[in-house]
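Residues per chain are reported as follows:
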Amino acid sequence: MIPDPRPDLDPYDARLVELGIRIGRLLAADVRAFVPQTVRDRFLELPALADALDDAALADLKRATLDATEALATRVERQLCAPAAWLGAASPRREGHGTPPLTEHPPVAAVAAEVADTVNALLRERGMGIEPALGYRLPMRFIDGDNLATLTLNFWKAVARRDEQRRRADATAATAAAGERRRRWDEA
């Protein structure tokens, strides 16, 4: 278990942050695999371009890919490992059953879009662009002992529990405040 990075949080918020950090690290690890694999696959799909690159140009392409990958993975981790990325989570308003996709949480949707934009920009800059542009799908495999499907389910459950706890606390506070107003009226 990841230690609580913010001991001042209530247990419900702390659980959201803990899950969020795990999700952020998982997605950063996936980016480190996804970007180079995507560029490699595109290189192999374009034999005319691949055959036209000499060894120095290919080494430059690979170095640029790895540099862009590390910069992107670092941004993903920084964005999604920040407690603020998770504390504002709200239960999605959905009809039907099933676990909502994690991309219904705006910070994750923004990161997924940034990953796709970065990969497409890198491919375009190197003359390997694709139309329509590539998208980025969140990974559904185990990465570093975590599985995004399980983390997603646990995240939405934690959001629902926190929201329910807050509703109960608000109702208790409202009842106490009404009781205090009655007491003040009666004693006046």
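Being a predicted model, the structure only gives us computed values, none of them experimental.

What is the right way to read the overall build of the chain from this model?
Looking only at helices and strands, one finds six helices and two strands in the chain. In sequence order, the secondary structure elements of the chain are arranged as α-α-α-α-α-β-β-α. Compactness check: the chain gives a C-alpha radius of gyration of 23 Å against a globular reference of 16 Å for 188 residues, more than 25% above the reference. Taking all 188 residues of the chain together, the buried fraction comes to 36%. Residue pairs in contact within the chain that sit at least 24 positions apart in sequence constitute 76% of those at least 6 positions apart. On the chain, roughly 11,200 Å² of surface is accessible, and the fraction owed to carbon and sulfur atoms is 55%. A gap of 5 Å separates the mean positions of the 27 positive and 29 negative side-chain charges of the chain.

So what exactly am I meant to see when it comes to helix α5 (residues 106–125) here?
In an α-helix, one turn spans 3.6 residues; hence positions three or four apart end up facing the same way. Between the first and last C-alpha of α5 there are 28 Å, a value that for 20 residues agrees with the 28 Å anticipated at 1.5 Å per step. Considered for burial, the residues of α5 that qualify are Val108, Val111, Ala112, Glu114, Val115, Ala116, Val119, Asn120, Leu122 and Leu123. Buried-residue contacts for α5 involve α1 (11–45), α3 (55–80) and α4 (84–87). Glycine 127, located one to two residues past α5, shows a positive phi value of around 70 degrees.

Help me out: how do you make sense of the packing of aromatic side chains in this one?
We describe a pair of aromatic rings using the distance from one ring centre to the other and the angle between the two ring planes. Taken as a whole and assessed by the stated rule, the structure comprises three aromatic pairs. Ring geometry for phenylalanine 34 versus tyrosine 136: centroids 4.9 Å apart, planes at 65 degrees, classification edge-to-face. Of this pair, phenylalanine 34 sits in helix α1 while tyrosine 136 sits in the loop between α5 and β1 (142–143); the two residues are 102 residues apart in sequence, bridging distant segments of the chain. Put simply, the rings of Trp86, Phe155 and Trp156 touch in pairs and so form one group of aromatic residues.

I tried to follow α1 on my own but got confused; where do I start?
An ideal rise of 1.5 Å per residue puts 51 Å on 35 residues; α1 measures up with 50 Å between its terminal C-alpha atoms. The N-cap of α1, judged by a side-chain oxygen 2.8 Å from the amide nitrogen of tyrosine 12 a few residues on, is aspartate 10.

Which parts of the structure should I look at to understand the environment of isoleucine 143?
With respect to the helices and strands, isoleucine 143 occurs in strand β1. Measuring from C-alpha to C-alpha, the distance between isoleucine 143 and leucine 26 comes to 6.2 Å, with 117 residues separating the pair along the chain. Residues in contact with isoleucine 143, not counting those within four places in the same chain, are Leu26, Ala29 and Asp30.

Reading guide: rules and limits
- Residues numbered from 1 in each chain as written.
- Predicted model: local features only at pLDDT ≥ 70, side-chain atom pairs only at ≥ 80, totals over all residues.
- Heavy atoms only, no water.
- Helix = DSSP H or I, 4+ residues; strand = E, 2+ residues; numbered from the N terminus.
- Rg over C-alpha atoms; globule rule 2.2 N^0.38 Å.
- Buried < 20%, exposed > 50% of the residue type's maximum accessible area, 1.4 Å probe, protein only.
- Contact = heavy atoms within 4.5 Å.
- Areas by Shrake-Rupley, 256 points an atom, 1.4 Å probe, with all protein chains shown as cover.
- Lys, Arg positive; Asp, Glu negative; His and termini not counted.
- Charge placed at Lys NZ, Arg CZ, Asp CG, Glu CD.
- Expected span 1.5 Å × (residues − 1).
- Phe/Tyr/Trp six-rings, centres within 6.5 Å; stacked < 30°, edge-to-face > 60°.
- Polar contact = N/O pair within 3.5 Å; in protein donor to acceptor, adjacent residues only side chain to side chain.

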